[in-house]
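As a plain string of letters, each chain reads:
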Amino acid sequence: MADLNGGIIGVDNAPEVLPETITTFNSSGTLTTASYTTAVEYLVIAGGGGSGGDAAGGGGAGGYRTASSFGVDASTDYPITVGGGGAAGGNGADGANSVFSSITSAGGGGGTGFTGGAGRDGGSGGGVGGRTSEANGAGHGNGNTPPVSPSQGNDGGNRGGGGPNALGGGGGGGGASAVGADSQPVGADFKSGGNGGA
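Analysis parameters
- Residues numbered from 1 in each chain as written.
- Predicted model: local features only at pLDDT ≥ 70, side-chain atom pairs only at ≥ 80, totals over all residues.
- Heavy atoms only, no water.
- Phe/Tyr/Trp six-rings, centres within 6.5 Å; stacked < 30°, edge-to-face > 60°.
- Helix = DSSP H or I, 4+ residues; strand = E, 2+ residues; numbered from the N terminus.
- Buried < 20%, exposed > 50% of the residue type's maximum accessible area, 1.4 Å probe, protein only.
- Pairing = 2+ DSSP bridges.
- Axes fitted to C-alpha atoms, helices over the stretch in contact; angles between N-to-C directions.

Draft legend 1. The arrangement of the packing of aromatic side chains in detail. In total, this model carries four aromatic pairs according to the counting rule given. Considering the side-chain rings of Tyr42 and Phe100, the 6.2 Å spacing of their centres and the 55 degrees angle between planes classify their relative orientation as tilted. Separated by 58 residues along the polypeptide, Tyr42 in strand β2 (residues 39–45) and Phe100 in strand β5 (residues 98–100) bring together distant segments of the chain. Neither residue differs from the other here; Tyr42 and Phe100 are each classed as buried. Taken together, the ring pairs connect Tyr42, Phe70, Tyr78 and Phe100 into an aromatic cluster.

Shown next, in the form of structure tokens:
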């Protein structure tokens, strides 16, 4: 007598596709995953850096991190931290980090004040102050700090001419997809401010 393989006989159930749910946090809170959720798409943006005061550098944008198919546990609480923007004036303050699970987006670097030196590092870097001893083509805050891949931001703007200690505008803050523009000379001893990065 031939051996028979076991099996299950029953009704075929059609697969069910549930609608996508988008959850947005504008302040810190808790994300509770659904009972059937095992992966999510996320977008985590940190607080932007503050600009300095008086012909200062622009603040850098907060770090920008996004990905899909990020594994999570079903029916689980995940604390969410939403970082605020840095205060402006003087030397601008750095923005605060935003956090979801193991993902941290770094706050943007503050733009430095009129004579405040180089811009500050962050998710995107702050721009250099408008009248500093930094060399032309230098002085930006570094973006993507701390480094992650893909990059979470870009560098701030540099001094763009006019010589050390020349009077003028600061470099623009870095953005999520572009560096901040350098300040530009508009006279023998004066510079216009650089645009912020996109």
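Now that the structure is up, let's keep going.
Draft legend 2. How the structure looks around the sheet that holds β5. Read from one edge to the other, the open sheet built from four strands follows the order β1-β4-β5-β6, with strand pairing classed as antiparallel. Both edges of this open sheet fall to β1 (29–32) and β6 (103–105), since each of them pairs with a single strand only. Ignoring which end each strand starts from, the neighbouring axes of this sheet average 20 degrees apart. Of the strand pairs in this sheet, β1 and strand β4 (residues 77–81) are connected by four bridges, and their pairing is antiparallel. Note on β4: the bridge partner recorded for Thr32 is Asp77.

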